[in-house]
Amino acid sequence: MDTLETLTARLETTEDIRAIVRTMKSLSAVSITQYERAVVALRDYQRTVDLGLQALLRDGVPRESPRAGTMARATVIVVGSDHGLCGRFNETVADRASRALLGGPAPPRLLAAGLRGAARLDALGHSPDAMLELPGAVEGLTRTAHEILLRIDAWRGAQELGALHVCYNRRTETARAVPYIARAAPLSRDFLTALADAPWPGHSLPMITMDRGALFSWLIRQRLFLEIYRALAESLASEHAQRLAAMQAADRNISDRREALVAQVRQKRQQQITTELLDIVSGFEAARSSESVTDTPEQPPRDA
């Protein structure tokens, strides 16, 4: 049977866990906002890159990425998570990548961002060729995206990189984590053609002074960087949304458990107080009875 000391210790532990859960809730809520702002901030930069491509395409640069003809082996980037407490986040994205991208007779190069996502892929029979840890804050997104680009450049140097796909979870209006696949390279002919045929958004045409081939390659690389950066940011926002939901459910359960423990502690304390009062009353009654017996005068003996 639980004692008052045991119940009090459990209540203190529950309070500590509740504080940790609420801290994680606050951290996830703040992180979601930061990563979503990072995605919004990409739009202006992407617009600038697309305008640069449009200016080059208007002057006769080939309308498809020059990398497409030299790449042979496809590459898949799967973005998972490094930490748990986010439901089926890693299972969802790994299963989606496994079904849509990782089958067939010629397996692609596989890069896993997120250690738990990599473990899930390995469990499905797709051992990653490279693994990277995810950043812990928005400030680390650029560094991680560049690390992925360096790995892709190394594979391209060996002429083993074909179409590049990125698989990750992202938030929608109806769900916190929906797997999504984006083709990052090469850029489609339809996209480049649409850029070339679009009207220039200005009164004067742009003038290009640097080497057009070098500028075109740099812009293509920036477009690839943007796709990877967006995938990382949206995936991390989705991960924190999943974790926030898990922590909200845990907070509710902990609150219910705390209320039950508080009721048990109060009941146990009341029982202990009642027992002590009864002991005091019983002791008092026993002492008073003893005094009554002691104070009774002895009767003189009768004469025979």
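Our structure's up above, just so we're on the same page.
Scoring rules and cut-offs
Residues numbered from 1 in each chain as written. Predicted model: local features only at pLDDT ≥ 70, side-chain atom pairs only at ≥ 80, totals over all residues. Heavy atoms only, no water. Phe/Tyr/Trp six-rings, centres within 6.5 Å; stacked < 30°, edge-to-face > 60°. Helix = DSSP H or I, 4+ residues; strand = E, 2+ residues; numbered from the N terminus. Buried < 20%, exposed > 50% of the residue type's maximum accessible area, 1.4 Å probe, protein only. Pairing = 2+ DSSP bridges. Axes fitted to C-alpha atoms, helices over the stretch in contact; angles between N-to-C directions. Patch = residues over 30% accessible without salt bridge, like charges linked within 9 Å, V, L, I, M, F, W, Y side chains within 5 Å. Areas by Shrake-Rupley, 256 points an atom, 1.4 Å probe, with all protein chains shown as cover. Salt bridge = Lys/Arg side-chain N within 4 Å of Asp/Glu carboxyl O. Parallel < 35°, antiparallel > 145°, perpendicular 65-115°, else oblique. Left-handed = near helix turned anticlockwise from the far one by under 90°. Contact = heavy atoms within 4.5 Å. Nonpolar A, V, L, I, M, F, W, Y, C, P; charged D, E, K, R; others polar. Arc of directions from axis to C-beta.

**As for the packing of aromatic side chains**
On inspection of all chains with the given rule, the structure shows two aromatic pairs. Seen in terms of ring centroids, Tyr168 and Tyr180 are 5.6 Å apart; in terms of plane orientation they differ by 70°. Their pairing is edge-to-face. Residue Tyr168 is found in strand β4 (residues 164–170), and its partner Tyr180 is found in strand β5 (residues 178–185); the two are separated by twelve residues along the sequence. Each ring, one from Phe225 and one from Tyr229, has its centre 5.8 Å from the other, and the planes form 45°; the classification is tilted. A residue pair is termed a helical-turn pair when its members lie 3 or 4 positions apart in one helix, as Phe225 and Tyr229 do in helix α6 (residues 212–295) at four residues. In terms of burial, Phe225 and Tyr229 fall into one category: buried.

**Brief notes about the sheet that holds strand β1 (residues 75–79)**
The strand order across the open sheet built from five strands is β3-β2-β1-β4-β5, with neighbouring strands paired in mixed fashion. Strand pairing shows two members of the sheet lacking a second neighbour, β3 (130–132) and β5, which therefore form its edges. Along the sheet, successive strands turn relative to each other by an average axial angle of 20°, direction set aside. Relative to β5, β4 is paired through seven bridges, and the arrangement is antiparallel.

**Overview of a nonpolar patch on the surface**
Where nonpolar side chains cluster on the molecular surface, the patch consists of Ile273, Leu277 and Ile280 and spans about 280 Å² of accessible area. A relative accessible area of 37% means that Ile273 is categorised as partly exposed.

**Focus on the packing of helix α2 (residues 89–100) against helix α3 (residues 115–123)**
Contact geometry for α2 and α3: axes closest at 9 Å, N-to-C directions at 50°. By the angle between their axes, α2 is oblique relative to α3. Crossing of α2 against α3: the hand is right-handed. Each of Asn90, Glu91, Ala94 and Asp95 in α2 lies in contact with α3, whose residues at this interface are Arg116, Gly117, Arg120 and Leu121. For the contact of α2 with α3, the per-class residue count stands at two nonpolar, two polar and four charged.

**Side note on unusual backbone geometry**
In this model, Ala185 is joined to Pro186 through a cis peptide bond whose omega is -10°. When you line up the elements, Pro186 lands in the loop between β5 and α5 (189–197).

**Topic: the environment of Val78**
Locating Val78 in the fold gives a position in strand β1. Remark: the alpha-carbon pair of Val78 and Ala119, spanning 41 residues in sequence, is separated by 12 Å. Setting aside residues up to four positions removed in sequence, Val78 forms contacts with Val93, Ala97, Leu110, Leu111, Ala112, Ala113, Leu121 and Cys167.

**Describing α3**
When we look at burial in α3, the residues that qualify are Gly117, Ala118 and Leu121. Down the axis of α3, the buried side of the element spans an arc of 100°, and every buried residue falls inside it. Contacts made by the buried residues of α3 are with β1, α2, β2 (109–113) and β3. Trailing α3 by a residue or two, Gly125 shows a phi angle of about 95°, which is positive.

**What about the side chain of Glu227?**
With respect to the helices, strands and loops of the structure, Glu227 is situated in helix α6. Glu227 has contacts with Ala182 and Ala184, leaving out every residue within four places of it along the chain.

**What to know about the packing of helix α1 (residues 4–58) against α5**
At a minimum axis distance of 8 Å, the contact between α1 and α5 shows a crossing angle of 75°. Relative to α5, the element α1 lies roughly perpendicular. On α5, the residues touching Asp50, Leu53, Gln54, Leu57 and Arg58 of α1 are Phe191, Leu192, Leu195 and Ala196.

**Side note on the pattern of salt bridges**
One pass over the full model with this rule turns up 14 salt bridges. Between Arg22 and Asp251 there is a salt bridge, and its shortest N-O distance comes to 3.4 Å. Here Asp251 lies in helix α6 and Arg22 lies in helix α1, a separation of 229 residues in the sequence. According to the relative accessible area criterion, Arg22 is partly exposed, its value standing at 39%. Across the salt bridge formed by Arg221 and Asp153, the nearest N and O atoms sit 2.7 Å from each other. Residue Arg221 is located in helix α6, and its partner Asp153 is located in helix α4 (residues 141–157); the two are separated by 68 residues in the primary sequence. Look at the salt bridges and you will find they share partners, linking Asp50, Arg223, Glu227 and Arg230 into a network.

The quantities given are spatial measurements derived from coordinates; they are silent on function.
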